[in-house]
Amino acid sequence: MVEAALRPDGAGAERWFLDACVLYPQLLRGVLLGLGRAGLVQPFWSERVLEEWRIAAARAGGMAAEATVRGEVAAMEAAFPGAAVVPDPGLEAVLSLPDPADAHVAAGAASAGARVITLNIRDFPARRLASHGLEAEHADSALWRLHGSAPEAVSRIVVEAAALLAPGAGLRGALKRAGVPRFAKAVTTPES
């Protein structure tokens, strides 16, 4: 996809089912949702994915963090109506993954007709997914690849998402800590 072909309505955009681990880091979530708002990708998730994110946030930051997540979930649902899908229970029951608890993610991706975007790519072996017509991709690879096809648009979205960082926080370091080091190098200078 070349940058000139991008459409604001998301037509032709890649369909990405977001695992809870890519929603947890604030900067990464901001980038992924920014890509969705720009029509570069169509994001999807399930209620269970959102619940996993809420639980992880509550563990790390208590009730205040949990309340923040609830507000962000409401904003996500308003911005992306129809993004919440119900995982196919039949597929979920037959998927054999290293962590059986991840079957709902792959089944959700199947329901959305989307690729799983995760930081835990080892949990989604390509052969096991392929036998069900599914794919998973590490967020770093997916973002790096998308940046290669639309560098100006993706870079602009990263800068907008970075506005949420604490003053003085380095963008490259923040992206690396969010689990996307190759993408960080592609969209930043060493000083940022």
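Residues numbered from 1 in each chain as written. Predicted model: local features only at pLDDT ≥ 70, side-chain atom pairs only at ≥ 80, totals over all residues. Heavy atoms only, no water.

Chemist: Mind laying out the overall build of the chain, listing which residues take part and the relevant values?
Modeler: Per the secondary structure count, the chain includes 10 helices and four strands. Here the chain has a C-alpha radius of gyration of 16 Å; the compact-globule value for 192 residues is 16 Å, and the two agree. Overall, the chain is about 45 × 45 × 30 Å in size when its C-alpha atoms are taken along their principal axes. Here the chain, with 192 residues, has 45% of them falling under the buried criterion. For the chain, long-range pairs separated by at least 24 residues make up 67% of all intrachain contacts whose partners lie at least 6 apart in sequence. (Helix = DSSP H or I, 4+ residues; strand = E, 2+ residues; numbered from the N terminus. Rg over C-alpha atoms; globule rule 2.2 N^0.38 Å. Buried < 20%, exposed > 50% of the residue type's maximum accessible area, 1.4 Å probe, protein only. Contact = heavy atoms within 4.5 Å.)

Chemist: Can you break down the nonpolar core residue by residue, with the values?
Modeler: Of all hydrophobic cores here, the largest spans 61 residues; its most connected members are Trp16, Leu35, Trp45, Leu143, Leu175 and Phe183. For this core, the element with the highest residue contribution is helix α3 (residues 47-79), accounting for seven residues. (Core = buried A, V, L, I, M, F, W, Y, C linked by side-chain atoms within 4.5 Å.)

Chemist: Residues and numbers for the packing of aromatic side chains, please.
Modeler: Counted under the stated rule, the structure contains one aromatic pair. Here the aromatic rings of Trp45 and Phe80 are separated by 6.1 Å at their centres, their planes lie at 90 degrees, and the arrangement is edge-to-face. Here Phe80 lies in the loop between α3 and α4 (89-94) and Trp45 lies in the loop between β2 (41-44) and α3, a separation of 35 residues in the sequence. The positively charged end of Arg182 is found above the aromatic ring belonging to Trp144, 3.4 Å away from the centroid. (Phe/Tyr/Trp six-rings, centres within 6.5 Å; stacked < 30°, edge-to-face > 60°. Lys NZ or Arg CZ within 6 Å of the ring centre and 35° of its normal.)

Chemist: If you had to explain the packing of helix α7 (residues 139-149) against helix α8 (residues 151-162) to someone new, which residues and values would you point to?
Modeler: Contact pair α7 / α8: the axes reach a minimum separation of 5 Å and the direction vectors enclose 125 degrees. Here α7 lies oblique to α8, going by the angle between them. Of α8, the residues touching α7 (which contributes Leu146, His147, Gly148 and Ser149) are Pro151, Val154 and Ser155. Of the residues that constitute the contact of α7 with α8, the class distribution is three nonpolar, four polar and no charged. (Axes fitted to C-alpha atoms, helices over the stretch in contact; angles between N-to-C directions. Parallel < 35°, antiparallel > 145°, perpendicular 65-115°, else oblique. Nonpolar A, V, L, I, M, F, W, Y, C, P; charged D, E, K, R; others polar.)

Chemist: Which residues make up the pattern of salt bridges, and what values do they have?
Modeler: One pass over the structure, following the stated rule, counts nine salt bridges. The salt bridge partner of Arg48 is Glu92, with a shortest N-O separation of 3.4 Å. Of this pair, Arg48 sits in helix α3 while Glu92 sits in helix α4, placing them 44 residues apart in sequence. Arg48 gets classed as partly exposed once you look at its relative accessible area, which sits at 39%. (Salt bridge = Lys/Arg side-chain N within 4 Å of Asp/Glu carboxyl O.)

Chemist: Outline the sheet that holds strand β1 (residues 14-18), listing residues and values.
Modeler: Strand order across the open sheet formed by four strands is β2-β1-β3-β4, with parallel pairing between neighbours. Of all the strands in the sheet, just β2 and β4 (136-138) have a single pairing partner and so form its edges. On average, adjacent strands in this sheet sit at an angle of 35 degrees to one another, irrespective of strand direction. Strand direction decides the pairing type here: strand β3 (residues 115-118) and β4, joined by three bridges, are parallel. When the sheet's bridge partners are listed, Ile117 is paired in β4 with Glu137. Each of β1 and β2 is contacted by helix α2 (residues 26-37), which is oriented at about 125 degrees to β2, the strand it contacts most. (Pairing = 2+ DSSP bridges.)

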